[in-house]
Amino acid sequence: MKKLNRKWYMLMILCTIVALFIMVGFNYKVFKSSLKSGIEELGTSSLSQSKEQLEGYLIRRIEVLRTTASSVEFMMESGATAEDIEEFLVYESNRYKKEIDDNFTGIYGVFNENYIDGAGWVPDAGYDPTTRSWYEKAKAAEGEPVLVSPYVDAQTDNVMMSISKMLSDGESVISLDIEMDAIYEIAENISVDGMGYGYVIDDKGMVVAHGVTEGNEYQIDNTKMYQLLQEACEADNEYFKADIDGDSYTIFTEKVMNSWTVVLFVKDNELFADARNILKQDMIVSILISFLIIAFFTLAFVKTNESIKLEKESNEKVEDMNKKIIRALVKTIDAKDRYTNGHSLRVAEYSKEIAKRMNKSEKEQETIYFAGLLHDVGKIRIPVDVINKDGKLTDEEYEQIKIHPVTSYHILKDIFDDMRVKNGAKFHHERYDGTGYPNGLKGENIPETARIIGVADAYDAMASNRSYRKALPQDVIRGEIEKGKGTQFDPQIADIMLGMIDEDKGYAMKETKSLQKTIMVVDDEPMNIKMVSIILKDSHMYEVVGATSGKEALEKLEEQEIDMILLDVMMPDMDGFETISIIREKYDMPIVLMTGDRNIETIEKASQYGVDDYLTKPFLPLALKEIIHSTLT
């Protein structure tokens, strides 16, 4: 029996060793795959930093050109002479070189059919500026600033680049010359942790700048390199692979302002050299650990169930915490938009119900629910005054609103691996007929999650209160959903939404909270009550009711419904704390103290009485508005 047990024990050890080696091999494969993905992400990230650095440099120079162009246009419209314009360009050229960038060499252009050079250069007889690339490219760009490929300056032999822009008259063009030193410096630093080198190429695939040196250059012949640069110029993805003379390369690409492309060449052997050494070391360590595991096998077996249980509980706690964080983030976004409080939660619930009726699994329903919760997270980047504007948005403001799906995608892409959550946020404003944004996707090219959220989002927008209207009648909403089938909405998903509407006999699927709030200001100084009314007069959401004593406040609470109280502490007869005690016995509403008392004892006492916030006089108007908005949200 003892020998039999020993045989079983040895067999168990042998099976364990085999299993461990299989596990090590599997882990090696998985880790290598993950490492490859991570390194490629690192390459993409490294190139993105170079792109942002280059774009930042160029954008600042473009803004200089825009500003100068506006001034020149004004001068031209005001009847300025060529001499006046030349004097202005000379002054601005010198000032920009001194104050902004010593790489600036001058501003010049064609104005009212006259060539004027702010650097003092006088062209030869017969010089025709309209045949120059800076003029032709600016004309072709129709008013948008354009980057002109570098050239060698005839006066200085320095390599220059131009930024040009056509003026509003359709014939005049202004151009700014910049020496390439800063561009070269950026190109020289393109690498992945010191590996590889980079190029900056124009829209024709020609090299603008590069970081090739004798120490880092790969042995790639010029013809093949030219082909690769052409492919990089036309590439839509962030990177692609190339095999050259038996060596594998990864070529990362990023577009710069739709004119240039930043390219990073890295040999895969360099990318993965350190990684392979790490993997070998990990394998050796894993084998040693395997023997230790066998030594303590019996103890581990006993503790396994307990460990599994603890791990499950820990995972559940982490998952619960993640859900709470997500909901807190959603509340933060909804709180920023005072007109759409609770919108994200309702869209998530409607989206989940649609997914359920589409026979999605519970896991898929949950994913779509989270996608609905987070679809508007990008609004965190939109200015509050744009989101909460009462009147019609300007074209510029509307463009800011339209960009929030893209911002949502970039916020979520590093949080969620599931593409459905990211795509649901990015494409929920696409239309089935292809006229939506940001990408103009059409039909089933729009990710399904985004099509679901798009219907749920549109429904809730119509079934919610706004500053300018209440929630639309249910039959009106139904008609709009019906009308949008095949144009705005996926017909199948729209039909599911119509079925939900038809089943909702009591119109329960709508926002029930009113946007209008009544705020009572209790202060024995009438001027303070008036000040609050003045601060809030521009908001249509708040009605201010005044009371000059705690007794009057209690009487008004009996007479009308109050949503929030701003309460002074120092009042005759009955102070603020005594007033709070009486109010709390009968009413449950937010109370914010508003007093000139800054003593810590008063602040601590306010906390003990359960007030929602504490505001000291004289207060900032914006602070008052933020406290009211945050408290009532």
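Before reading on, note that the structure itself is shown above.
**Student:** Outline the overall build of the protein, listing residues and values.
**Tutor:** The helix and strand inventory of the protein stands at 21 helices and 15 strands. The proportion of buried residues among the 633 residues of the protein is 45%. Just so you have it, the protein exposes about 34,800 Å², and 52% of that area is on carbon and sulfur atoms.

**Student:** Just give me the short version of the environment of V207, but keep the residues and values in it.
**Tutor:** You can see V207 is positioned in strand β7 (residues 207–210). The exposure class of V207 is partly exposed, given its relative accessible area of 40%. Separated by 54 residues in the primary sequence, V207 and T261 place their C-alpha atoms 9.6 Å from one another. Beyond its immediate stretch of four places on either side in the chain, V207 contacts Y199, V200, I201 and L229.

**Student:** Hey, could you go over the sheet that holds strand β5 (residues 173–179) for me, with residue numbers and the actual values?
**Tutor:** A sheet is described by the order of its strands in space; here five strands give the open sequence β2-β1-β5-β4-β3, paired in antiparallel fashion. Across the chains shown, the open sheet's two edge strands, defined by having one partner strand only, are β2 (114–117) and β3 (146–152). With direction set aside, neighbouring strand axes in the sheet form an average angle of 20°. Two elements, β3 and strand β4 (residues 159–166), share five bridges in a ladder whose sense is antiparallel. In the sheet register, Y151 faces β4, and the bridge partner there is M160. Of the strands in this sheet, β1 (104–111), β2 and β5 are in contact with helix α2 (residues 82–99), which crosses β1 at around 160°.

**Student:** Tell me about a nonpolar patch on the surface, and please be specific about residues and values.
**Tutor:** Residues L11, L14, V18 and I22 make up a contiguous nonpolar surface patch of about 360 Å² in total accessible area. Inspection of the secondary structure assignment puts L14 in helix α1 (residues 2–77).

**Student:** Account for the pairing of β4, naming residues and giving values.
**Tutor:** Counting buried positions along β4 yields seven of eight residues, so the element is predominantly enclosed. As judged from the seven bridges shared by β4 and β5, these two strands associate in the antiparallel manner. When the bridges of β5 are listed, M160 appears paired with E179.

**Student:** If you had to explain the pairing of strand β10 (residues 260–267) to someone new, which residues and values would you point to?
**Tutor:** Taken across its eight residues, β10 has eight buried, putting it largely inside the fold. Burial along β10 is two-sided: W260, V262, L264 and V266 and T261, V263, F265 and K267, pointing in opposite directions, are all buried. Bridging between strand β6 (residues 197–201) and β10 involves five bridges; their strand directions are antiparallel. Across the sheet, I201 pairs through a bridge with T261, a residue of β10. Inspection of the sheet shows strand β9 (residues 247–256) paired to β10 by eight bridges, in the antiparallel sense. Bridge pairing in β10 places V256 opposite W260. Joining the antiparallel neighbours β9 and β10 is a turn of three residues, in which M257 adopts a positive phi near 55°.

**Student:** So what about the packing of aromatic side chains? Which residues, and what values?
**Tutor:** Within this structure, the stated rule accounts for 16 aromatic pairs. Here the aromatic rings of Y115 and Y127 are separated by 5.4 Å at their centres, their planes lie at 70°, and the arrangement is edge-to-face. Of this pair, Y115 sits in strand β2 while Y127 sits in the loop between β2 and α3 (133–141), placing them twelve residues apart in sequence. A centroid spacing of 5.4 Å and a plane angle of 85° characterise the contact between Y350 and Y459, whose relative ring orientation is edge-to-face. In this pair, Y350 is assigned in helix α8 (residues 343–357) and Y459 in helix α14 (residues 448–462), connecting sequence segments 109 residues apart. The class for Y459 is buried, based on a relative accessible area of 0%. One aromatic cluster in this structure is built from Y108, Y115, W121, Y127, W134 and Y135. The side chain of R61 reaches across the aromatic face of Y57, ending 3.8 Å from its centre. One cation-aromatic arrangement involves K352 over Y369; the distance from NZ or CZ to the ring centre is 5.6 Å.

**Student:** Quick rundown of helix α12 (residues 404–412)? Include the residues and the values.
**Tutor:** Of the positions making up α12, those classed as buried are H404, P405, T407, S408, Y409 and L412. Looking at the buried side of α12, the elements it contacts are α11 (395–402) and α13 (419–426).

**Student:** Lay out the sheet that holds β10 in plain terms, naming residues and giving numbers.
**Tutor:** Read across the sheet, five strands follow the order β7-β6-β10-β9-β8 without closing on themselves; strand pairing throughout is antiparallel. The outermost strands of the open sheet, each flanked by one partner alone, are β7 and β8 (239–244). On average, each strand axis in the sheet is inclined to that of its neighbour by 25°, with strand direction left out of account. Against the sheet, helix α4 (residues 181–188) makes contact with β6 and β7, and its axis sits at roughly 60° relative to β7, the strand it touches most.

**Student:** For a negative patch on the surface, give the residues involved together with the corresponding values.
**Tutor:** Together, E83, D84, E86 and E87 make up a region of like negative charge exposed at the surface. Assignment of secondary structure puts E87 in helix α2. Here E87 falls in the exposed class, since its relative accessible area comes to 57%.

**Student:** Can you lay out the pattern of salt bridges for me, pointing to particular residues and giving the numbers?
**Tutor:** When the charged atoms of two side chains lie near each other, side chains of opposite charge can form a pair. Enumeration over the complete set of coordinates arrives at 26 salt bridges. Close ionic contact of D101 with R61 constitutes a salt bridge, the shortest N to O distance being 2.8 Å. A residue pair is termed long-range when its members are at least 10 positions apart, and D101 in the loop between α2 and β1 and R61 in helix α1 qualify at 40 residues. Summarising the burial analysis for this pair, D101 and R61 share the class buried. Sharing partners across several salt bridges, the network here consists of R478, E482, K485, D495 and D502.

**Student:** How would you summarise the packing of α14 against helix α16 (residues 491–503) if you had to cite specific residues and measurements?
**Tutor:** Relative orientation of the contacting elements α14 and α16 amounts to 40°, with a least axis distance of 10 Å. Judged by the sense of rotation from one axis to the other, the crossing of α14 with α16 is right-handed. Together, E448, R451, I452, V455 and Y459 of α14 and I493, A494, M497 and I501 of α16 make up the contact between the two elements.

**Student:** Explain unusual backbone geometry residue by residue, including any values.
**Tutor:** A cis amide bond links Y437 with the next residue in sequence, P438, at an omega value of 15°. Checked against the element boundaries, P438 lands in the loop between α13 and α14. One non-glycine residue, E113, lies in positive phi territory at about 70°. Mapped onto the secondary structure, E113 falls in the loop between β1 and β2. For E113, a relative accessible area of 77% corresponds to the exposed category. Its identity as a non-glycine residue notwithstanding, N359 has a phi of 65°, on the positive side. By the element assignment, N359 lies in the loop between α8 and α9 (362–373). Here N359 falls in the exposed class, since its relative accessible area comes to 71%.

**Student:** Kindly report on the environment of Q560, identifying the contributing residues and their values.
**Tutor:** Here Q560 shows up in the loop between α18 (550–559) and β13 (564–567). Excluding residues that lie within four positions of it along the chain, Q560 makes contacts with T518 and V545.

Rules of the game
Residues numbered from 1 in each chain as written. Predicted model: local features only at pLDDT ≥ 70, side-chain atom pairs only at ≥ 80, totals over all residues. Heavy atoms only, no water. Helix = DSSP H or I, 4+ residues; strand = E, 2+ residues; numbered from the N terminus. Buried < 20%, exposed > 50% of the residue type's maximum accessible area, 1.4 Å probe, protein only. Areas by Shrake-Rupley, 256 points an atom, 1.4 Å probe, with all protein chains shown as cover. Contact = heavy atoms within 4.5 Å. Pairing = 2+ DSSP bridges. Axes fitted to C-alpha atoms, helices over the stretch in contact; angles between N-to-C directions. Patch = residues over 30% accessible without salt bridge, like charges linked within 9 Å, V, L, I, M, F, W, Y side chains within 5 Å. Salt bridge = Lys/Arg side-chain N within 4 Å of Asp/Glu carboxyl O. Phe/Tyr/Trp six-rings, centres within 6.5 Å; stacked < 30°, edge-to-face > 60°. Lys NZ or Arg CZ within 6 Å of the ring centre and 35° of its normal. Lys, Arg positive; Asp, Glu negative; His and termini not counted. Charge placed at Lys NZ, Arg CZ, Asp CG, Glu CD. Left-handed = near helix turned anticlockwise from the far one by under 90°.

Purely geometric stuff here, so don't read any function into it on its own.
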